[in-house]
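A structural walkthrough
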Amino acid sequence: NAGVTQTPKFRILKIGQSMTLQCTQDMNHNYMYWYRQDPGMGLKLIYYSVGAGITDKGEVPNGYNVSRSTTEDFPLRLELAAPSQTSVYFCASSYGAEGSETQYFGPGTRLLVL
Amino acid sequence: AQSVTQLGSHVSVSEGALVLLRCNYSSSVPPYLFWYVQYPNQGLQLLLKYTSAATLVKGINGFEAEFKKSETSFHLTKPSAHMSDAAEYFCAVTGNTGGFKTIFGAGTRLFVKA
């Protein structure tokens, strides 16, 4: 049981480039999330998904897109990278959406936009 | 609306000393409260959570937290710090509207001195 896996671990992008951050979970969780973590700011929700084919915006969605074609995968797309998107990105999943549900996190992708 | 405040971005203790990490929350609905730990270069993992059962919650690695409604607090403690406890700790709050409304605190980095 690998849990939540993310690739790549680290990436440097030039301004205006695009990339996709991959996220896969093998726990058959319906709910998946993308967060960004900035120093001293905690985690901010970018997008979430309640199941295959269903996604919705979180707190900071601008500059990002997501898709959910399968239960397992939830990629995050950056179309035109900007320095403000330099951050650490975490994917997470949970079995349900009740407030008491534990979220399971991947190891993160560190992105630097220059 | 919900919010979380973690007092102290950095806390330093000696090995064997008491660990106390402070978390205060605000919530217009009965909250679910979490402590997550993040070891270097890893994702967050659940330490413990309060889900309206016992107010004193025991977690992994000897940590515990007490929910105090009158003080709107959920402080994390451990009687005796170990070098392996050095990490960043996040307090989080969720209402009954779902996990995608989880609000994370800014985090407290714990240093343990030999």
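This write-up is about the structure you can find in this document. Predicted, not measured: the structure shown is a model, and the values here were computed from it.

Right, let's talk about the sheet that holds strand 7 (residues 64–66) of chain A for a bit. All names here are of chain A. On the basis of which strands lie adjacent, the open sheet formed by four strands has the order 1-3-8-7 and antiparallel pairing. A single partner strand is all that each edge strand has here, and the edge strands are strand 1 (4–7) and strand 7. The sheet shows a mean angle of 20° between the axes of neighbouring strands, direction not considered. Judged from the three bridges that link them, strand 3 (residues 19–25) and strand 8 (residues 76–78) form a sheet pairing that is antiparallel. Directly across from Thr20, in strand 8, lies its bridge partner Arg77.

What the rule picks out here adds up to two disulfides over all chains. Here Cys23(A) pairs with Cys91(A) through a disulfide, and the sulfurs are 1.9 Å apart. Its torsion about the S-S bond being -70°, the disulfide of Cys23(A) and Cys91(A) is classed as left-handed. Of the two residues, Cys23(A) is situated in strand 3 and Cys91(A) in strand 9 (residues 87–94); the sequence distance between them amounts to 68 residues. Residues Cys23(A) and Cys91(A) agree in their burial class; the two are buried. Paired through a disulfide, Cys23(B) and Cys91(B) show a sulfur-sulfur distance of 2.0 Å.

Of the volumes computed, that of the largest pocket is approximately 590 Å³. The wall of the largest pocket is formed by 28 residues, among which Gln37(A), Val88(A), Arg110(A), Gln38(B) and Arg109(B) lie closest to the centre. At the level of elements, strand 9 and strand 11 (109–113) of chain A together with strand 9 (87–94) of chain B are the ones that each hand at least two residues to the lining of the largest pocket. Looking at the lining of the largest pocket element by element, the count peaks at three residues for strand 9 of chain A. Here the lining of the largest pocket is composed, by residue class, of ten nonpolar, 13 polar and five charged.

The interface is formed by 22 residues belonging to chain A together with 21 residues belonging to chain B. Summing both partners gives a buried area of about 1,600 Å² for chain A against chain B, and 58% of it is carried by carbon and sulfur. The largest contributions to the chain A side of the interface with chain B come from Gly99(A), Ser100(A) and Phe105(A), which together make up 28% of the buried area. Counting across the interface, chain A meets chain B through zero salt bridges. Counting across the interface, chain A meets chain B through five residue pairs in polar contact (both at pLDDT 80 or more). Listing elements by their share of the side of chain A that touches chain B, those giving two or more residues are strand 4 (31–37) and strand 5 (43–51) of chain A. With four residues, the top contributor of residues to the side of chain A that touches chain B is strand 5 of chain A. A per-class count over the side of chain A that touches chain B returns eleven nonpolar, eight polar and three charged.

Rules and cut-offs
Residues numbered from 1 in each chain as written. Chains lettered and ligands numbered in written order. Predicted model: local features only at pLDDT ≥ 70, side-chain atom pairs only at ≥ 80, totals over all residues. Heavy atoms only, no water. Pairing = 2+ DSSP bridges. Helix = DSSP H or I, 4+ residues; strand = E, 2+ residues; numbered from the N terminus. Axes fitted to C-alpha atoms, helices over the stretch in contact; angles between N-to-C directions. Disulfide = S-S within 2.5 Å. Buried < 20%, exposed > 50% of the residue type's maximum accessible area, 1.4 Å probe, protein only. 1 Å grid on protein atoms, 1.4 Å probe; cavity = no way out; pocket = protein on both sides within 12 Å on 5 of 7 lines; lining within 4 Å. Points joined across faces, edges and corners; volume = space filled by probe spheres on them. Nonpolar A, V, L, I, M, F, W, Y, C, P; charged D, E, K, R; others polar. Contact = heavy atoms within 4.5 Å. Buried area = accessible area lost by both parts, 1.4 Å probe. Salt bridge = Lys/Arg side-chain N within 4 Å of Asp/Glu carboxyl O. Polar contact = N/O pair within 3.5 Å; in protein donor to acceptor, adjacent residues only side chain to side chain.

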